[in-house]
Amino acid sequence: MIHLAWHDRKTIKKVECIHTDAKKYIVNHALTVGNIYEVKNETEEFYFIIDNTGKVGGFYKEYFQEVKNA
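Computed from a predicted model, the values in this text were never measured in an experiment.

Visitor: Honestly, the environment of glutamate 42 in this entry has me stumped. Any pointers?
Guide: If you trace the backbone, glutamate 42 turns up in strand β2 (residues 36-42). The exposure class assigned to glutamate 42 is partly exposed, which follows from its relative accessible area of 30%. In contact with glutamate 42, other than residues within four places in its own chain, are Ile12, Lys13, Tyr47, Phe48 and Lys61. Polar contacts involving the side chain of glutamate 42 include one to the side chain of lysine 13, which spans 3.1 Å.

Visitor: Hey, could you run me through the pairing of strand β4 (residues 56-60) in this one?
Guide: Along a regular strand, successive side chains alternate from one face of the sheet to the other. Burial along β4 is one-sided: the residues Gly57 and Phe59 are buried and none of Val56, Gly58 and Tyr60 is. As paired elements, strand β3 (residues 46-50) and β4 share five bridges and run antiparallel to each other. Paired with phenylalanine 46 across the two strands is tyrosine 60, which belongs to β4. Hairpin connection, β3 to β4: the antiparallel pair is bridged by five residues, and glycine 54 has positive phi, about 90°.

Visitor: Explain the pairing of β2 here, please?
Guide: Taken together, the four bridges between strand β1 (residues 13-17) and β2 define a ladder with antiparallel strand orientation. Each residue of the ladder has a partner; that of glutamate 16, found in β2, is isoleucine 36. Pairing between β2 and β3: three bridges, direction antiparallel. Each residue of the ladder has a partner; that of valine 39, found in β3, is isoleucine 49. Here β2 folds back onto β3, and the loop between the two strands holds three residues.

The rules we used
Residues numbered from 1 in each chain as written. Predicted model: local features only at pLDDT ≥ 70, side-chain atom pairs only at ≥ 80, totals over all residues. Heavy atoms only, no water. Helix = DSSP H or I, 4+ residues; strand = E, 2+ residues; numbered from the N terminus. Buried < 20%, exposed > 50% of the residue type's maximum accessible area, 1.4 Å probe, protein only. Contact = heavy atoms within 4.5 Å. Polar contact = N/O pair within 3.5 Å; in protein donor to acceptor, adjacent residues only side chain to side chain. Pairing = 2+ DSSP bridges.

This is the structure we're talking about:
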């Protein structure tokens, strides 16, 4: 039940949103191109971040690039 405490977890790294051109889902309401987001958890396919809604959401890694020295 790790997802219940993601808001309070230490940030793993930071990523920058590079596009919101989703093929299947609408993500431009939750992500903004150019914004930097804190990664709270990561899987092989997804980053779990606190998005624009203030909630933790899982997004494909293809929308982001890692921010160096953050």
